[in-house]
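Structural overview for review
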2 protein chains.
Amino acid sequence: MGGVTRRSFLESVGAAGGSGALFGAMGALGLAPTAAANPAPFEPPRPGDLALRGARPPRVVVLGGGVTGLATAYELRKAGYECLVLEAKDRPGGRNWTVRGGTAEKEITGHRQRARFADGEYMNAGPARIAQFMVTLDYCRELGIPIEPFSLDNCNACVYYENGGPLSRRRIENRKAKADVFGHVSELLAKATDQGALDKELGRDDRERLLAFLEDFGALTRSGDRLAYTGTNRRGYRVLPDTDDPPGVIDGPPPSVHDVLASGIGRDLSFNLEWPFQTVMFQPVGGMDRIPRALADRIGADRIRYGAQVLEVTDLPSGVDVLYTDGGGRKRTEHADYCVATLPPYIMARVPTNLGAHVTAALERPSRVPVSKIGLEYRRRWWEQDERIYGGLTHTDMDIGQIWYPCHGYHGRRGVLIGAYTEGPSTEGLDAMAPADRIRRAVAQGVKIHGPAYARELVSGFAVNWDRVPHIETGWVRWPSWTDGAYDLLNRPHGRVYFAGEWLTGFIGWQAGAIESARRAVTRIHQRTLATARP
Amino acid sequence: MGGVTRRSFLESVGAAGGSGALFGAMGALGLAPTAAANPAPFEPPRPGDLALRGARPPRVVVLGGGVTGLATAYELRKAGYECLVLEAKDRPGGRNWTVRGGTAEKEITGHRQRARFADGEYMNAGPARIAQFMVTLDYCRELGIPIEPFSLDNCNACVYYENGGPLSRRRIENRKAKADVFGHVSELLAKATDQGALDKELGRDDRERLLAFLEDFGALTRSGDRLAYTGTNRRGYRVLPDTDDPPGVIDGPPPSVHDVLASGIGRDLSFNLEWPFQTVMFQPVGGMDRIPRALADRIGADRIRYGAQVLEVTDLPSGVDVLYTDGGGRKRTEHADYCVATLPPYIMARVPTNLGAHVTAALERPSRVPVSKIGLEYRRRWWEQDERIYGGLTHTDMDIGQIWYPCHGYHGRRGVLIGAYTEGPSTEGLDAMAPADRIRRAVAQGVKIHGPAYARELVSGFAVNWDRVPHIETGWVRWPSWTDGAYDLLNRPHGRVYFAGEWLTGFIGWQAGAIESARRAVTRIHQRTLATARP
């Protein structure tokens, strides 16, 4: 799914504010060689593993058909484990949900929506982007799912801040925000350097090199022996270079250093400097749900039961009993050798088990992070045709948070853009509204940036507020602490029950975490099986 | 084709060093409204235009079947002009050339090459990327050519400098170069600010805002009341966040501020801040030559004569005579109402005409910029599989200039990367070699960055050194001046002869310039035709 703000992501991995401290601690240990320090790579169970040890294929019941549950069954199936996935919804994927024409959903509060998107149009309501380093890409490769770049940065997209000081309520292209912030900041540092402020820090050669870098980085111009930011073609042109006027006319003048600082137009410039939002990111061609659908296909339809709600989990000496209602509302018990429980922790905490109150208490520890995402379908791709924005994000300080321009279907007839993407307390306003009102609000805010086309060309919308989605109930979670015992407790097996989910990894809110956690459960169950079977 | 270095591009549009001056001049005029200042949009000739005025369709001979010549004929055909395109090579497109398996070329010096790329593999030897603002994208849309993003920036690609001071001959991932340069520069400015160096420049509130920006932009950490760069997860991780260690271990420590400045690892960080290299850029799916091939299809095969070399152009009161040899070596004369001459200026200067010595002298004015591009085909995509580099560029200070990782065919079986892209005097070394030696040299330099896989997995290569390509003879040109008369002279019609080409616009080396120049010639011929036909 991906943290909306850098800050929240950094907090989720414990890095915000602490990266220096973390790093310092590690530095004191010396530099461990890269390869040696990394954990052993995952070894998928292999077809012959069980037969070679004379083990009958164990039966594993998997609670939840999200990416964790599906990856668990997919990997276990490689060695022939008997798997049954119980999924409460009527589709695989959990939060990996691609909304298409005909997709229907009833919110917890009773509001119903039915997407009216045209054929081929979609929105990825949950995860939408994959970093290059993530194991998710390996699954795309293994499953034969083609990928395409997902752009976060676009010079033609913009920033728009209601609270933007002297530049409030103005649409500012990213190219201008970047040029002006880097330009003025570079000029300031050049001035300070020239005035001797860094003479103690830097030798003469380094000062010269710094000035050369600033001239380049800030697009500074030299007047006499002084470097100044007076504008640059990085801001774009008022008149493009053409035949009659080959140099063109640069768009300007730039705002003053005071206006740039007081407006805070640099506040989102570091967004895609942050790991894991660094360029290039990817998405599957055709929708993110190609991943869970491919996994479900490989697992086999007869091994996934949709509409199945877990009522009770009992760990026994000889196995696990899972009581659930099937799609028809009938109660059934599944007896298995192992259970992998991938439900969200706050939902699992409500399922009666015999694992002990400390387990339930641990499941109740993480706090929820609500997330809202709104898809808006337009009859024409005005952002490409009128504004030449081909993908990327616009950052705002309004309820909608961000606008995402689609990174697929370029030059197509229609398109679905993400008209709101927001997380945490800032979703509360949207959460409280009926879906149609959320869409109206998103459109009204988008009009402030893009003008009347944003309302006029609209065909339909679909609002996913994850706190309102049955059987999911929030965007992702946040641990109050990684080290107070609860996280570790749930990462340990409890009898024959294994918890798994991205919430049990350092990659909360990412499919990579779901896969990592699934692989961990798979490895442990497989090792246990082989150890038990050993003569 | 795109300037290789920012500096050279800026020079070509007259912006380097002069943007401030230009802008200052324009600023003195006040802010002209954006729309009003832009030239009138192109109006393509329409089917009824000639019939309505009772004009018979004029005959236009177009010299050169590159993008300028093809766009000229394509637009004129919309109103029914009789067009004949004379192209010396055996394919359309000129420098827009996509090399595929079977592509054969004999260099001016006699060296022969034949590409052995596998089916579906290709290299764009000429233009390879299209900025969002460029008219080229509109042609893709109009011609139904699908597009996909072309990534210039990639956190997993790297910089490698032989002359990199204390960090010489080290492969440094872009994510680390960026984090360390931005981090140290931000710390320096924070220090200077804290020491009062900017008290005259900035009020107290602005100083606080600047520090907040620097903390964010540089990923600085606060120790006491001091902001310092001590490393950041933007550099990547030595141990990725995982289940056992959710925060992970950040890769570090970063090099010192001296090492960062003295190494110059920031020298290429501004590359894609520059207009027109700002993100997002695009390429046609399947190869850049889909553009000229689509244009040629629309024009019709019978209106393009390949292997046709222009021998003489004579402007007459009643039309234009063009003497040429056809593909079979036979001399023929084409008589037309107008001639659009799109040959490169240094080649056109060698064609005898009756336009006068001043025209020939003007054609000889621009200097040539040699360009070299080398495609390397690998049996597997080791850059994705081993190094998780999905597209983007690596910058070096070696002969190869840059390495480009392919932005298409992700996760495919094979792939062609660009193992050298260089321009200007730095191509001389490669130009002088036989193609096989160029490829060997490129591989040897790539090995320094990527290790033995760069040589081991190689299947074949193809080296395009534009100075050695018959009928093209260089990469692009540079005008010594826009204003000394030669540029203007050639942009004026000479009797019934119109010169056209990207070299007659502010977009030298870009297809957008070719199209712009074509449109200008088309507009002028069409206006003249309509004016003449008027009763």
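Residues numbered from 1 in each chain as written. Chains lettered and ligands numbered in written order. Predicted model: local features only at pLDDT ≥ 70, side-chain atom pairs only at ≥ 80, totals over all residues. Heavy atoms only, no water.

The name an unreviewed UniProt entry assigns to chain A is FAD-dependent oxidoreductase, from the organism Actinomadura graeca.

1. Considering the sheet that holds strand S19 (residues 331-336) of chain B
All names here are of chain B. Read from one edge to the other, the open sheet built from three strands follows the order S17-S18-S19, with strand pairing classed as antiparallel. Each edge of the open sheet carries a strand with a single partner, namely strand S17 (309-316) and S19. Sheet twist, expressed as the mean angle between neighbouring strand axes with direction ignored, is 20°. (Pairing = 2+ DSSP bridges. Helix = DSSP H or I, 4+ residues; strand = E, 2+ residues; numbered from the N terminus. Axes fitted to C-alpha atoms, helices over the stretch in contact; angles between N-to-C directions.)

2. Observations regarding the packing of helix H7 (residues 174-194) of chain B against helix H8 (residues 204-217) of chain B
A pair of packed helices can be characterised by two numbers: the angle between their axes and the separation between those axes. Residue and element names in this part refer to chain B. Here H7 crosses H8 at 160°, and the two axes come no closer than 9 Å. Here H7 is positioned roughly antiparallel relative to H8, judged by the angle of their axes. The hand of the H7/H8 crossing is left-handed. Counted together, Phe182, Ser186, Leu189, Ala190, Thr193 and Asp194 of H7 and Arg207, Leu210, Leu211, Leu214 and Phe217 of H8 form the full contact between these two elements. Here the residues of the contact of H7 with H8 are counted per class, giving seven nonpolar, two polar and two charged. (Parallel < 35°, antiparallel > 145°, perpendicular 65-115°, else oblique. Left-handed = near helix turned anticlockwise from the far one by under 90°. Contact = heavy atoms within 4.5 Å. Nonpolar A, V, L, I, M, F, W, Y, C, P; charged D, E, K, R; others polar.)

3. Digging into H8(B)
Counted at 1.5 Å a residue, the expected span for H8(B) with its 14 residues is 20 Å, and the 20 Å between its end C-alpha atoms agrees. Remark: B:Ala219 follows H8(B) within two positions and exhibits a positive phi of approximately 55°. (Expected span 1.5 Å × (residues − 1).)

4. Points about the pairing of strand S17 (residues 309-316) of chain A
Judged from the seven bridges that link them, S17(A) and strand S18 (residues 319-325) of chain A form a sheet pairing that is antiparallel. Bridge assignment links A:Leu316 to a residue of S18(A), and that residue is A:Gly319.

5. Focus on the side chain of B:Glu377
All names here are of chain B. Here Glu377 shows up in strand S22 (residues 371-378). A residue is classified by how much of its surface remains accessible, and Glu377, at 0% relative accessible area, is buried. A polar contact is formed between the side chain of Glu377 and the backbone nitrogen of Ala118, at a distance of 2.8 Å. (Buried < 20%, exposed > 50% of the residue type's maximum accessible area, 1.4 Å probe, protein only. Polar contact = N/O pair within 3.5 Å; in protein donor to acceptor, adjacent residues only side chain to side chain.)

6. With respect to the interface of chain A and chain B
Contacts between the two partners involve 103 residues from chain A, matched on the other side by 103 residues from chain B. Of the roughly 9500 Å² buried between chain A and chain B on both sides combined, carbon and sulfur atoms contribute 61%. On the surface where chain A and chain B come into contact, there are eight salt bridges. For B:Glu201, the salt bridge is made with A:Lys191, and the minimal N-O distance between the two is 2.9 Å. Viewed at the interface, chain B and chain A are joined by 32 residue pairs in polar contact (both at pLDDT 80 or more). (Buried area = accessible area lost by both parts, 1.4 Å probe. Salt bridge = Lys/Arg side-chain N within 4 Å of Asp/Glu carboxyl O.)

7. Side note on the UniProt feature "domain: Amine oxidase" (unreviewed entry) in chain A
Taking the numbering used here, the UniProt-annotated feature "domain: Amine oxidase" (unreviewed entry) corresponds to residues 68-525 of chain A. Along residues 68-525 of chain A, the helical share is 28% and the strand share 25%, with 15 Å between the first and last C-alpha atoms. (UniProt positions renumbered as here; feature names shortened; annotations may be inferred.)

8. Topic: the nonpolar core
Core analysis: the biggest nonpolar cluster contains 230 residues, and A:Leu63, A:Phe499, B:Leu63 and B:Phe499 have the highest contact counts within it. Beyond its immediate chain neighbours, meaning those up to four positions away, A:Phe499 contacts A:Ala341, A:Met348, A:Leu355, A:Val359, A:Leu363, A:Leu490, A:His494 and A:Leu504. Membership of the second largest hydrophobic core comes to 58 residues, among which are A:Ala192, B:Ile172, B:Ala177 and B:Leu220. (Core = buried A, V, L, I, M, F, W, Y, C linked by side-chain atoms within 4.5 Å.)

9. A few points about the packing of aromatic side chains
Counted under the stated rule, the structure contains 52 aromatic pairs over all chains. Between the aromatic rings of A:Phe217 and B:Phe182, the centroid separation amounts to 5.3 Å while the plane-to-plane angle is 50°, which identifies the pairing as tilted. With one member in each of two chains, A:Phe217 in helix H8 (residues 204-217) and B:Phe182 in helix H7 form a pair that bridges those chains. As far as the burial class goes, A:Phe217 and B:Phe182 line up, both buried. Each residue in the set A:Phe182, A:Phe213, A:Phe217, B:Phe182, B:Phe213 and B:Phe217 is aromatic and connected to the rest through ring pairs, giving one cluster. A cation over a ring is seen here: A:Lys373 above A:Tyr421, with NZ or CZ 5.0 Å from the ring centre. (Phe/Tyr/Trp six-rings, centres within 6.5 Å; stacked < 30°, edge-to-face > 60°. Lys NZ or Arg CZ within 6 Å of the ring centre and 35° of its normal.)

10. What about the pairing of strand S15 (residues 281-284) of chain A?
Residue and element names in this part refer to chain A. Side chains Met281 and Gln283 project from S15 onto one buried face, and the interleaved Phe282 and Pro284 project onto a second face that is buried too. Relative to S15, strand S7 (residues 130-131) runs antiparallel, the two sharing two bridges. Residue pairing for S15: Ala131 is matched across the bridge by Met281. Strand direction decides the pairing type here: strand S8 (residues 147-150) and S15, joined by four bridges, are antiparallel.

11. Concerning the sheet that holds S18(A)
Residues and elements named next belong to chain A. An order of S17-S18-S19 is seen for the three strands of this open sheet, with the pairing classed as antiparallel. The strands lining the two open edges of the sheet, one partner per strand, are S17 and strand S19 (331-336). Sheet twist, expressed as the mean angle between neighbouring strand axes with direction ignored, is 20°. Bridge count between S18 and S19: six bridges; the pairing is antiparallel. Note on S19: the bridge partner recorded for Val322 is Glu334.

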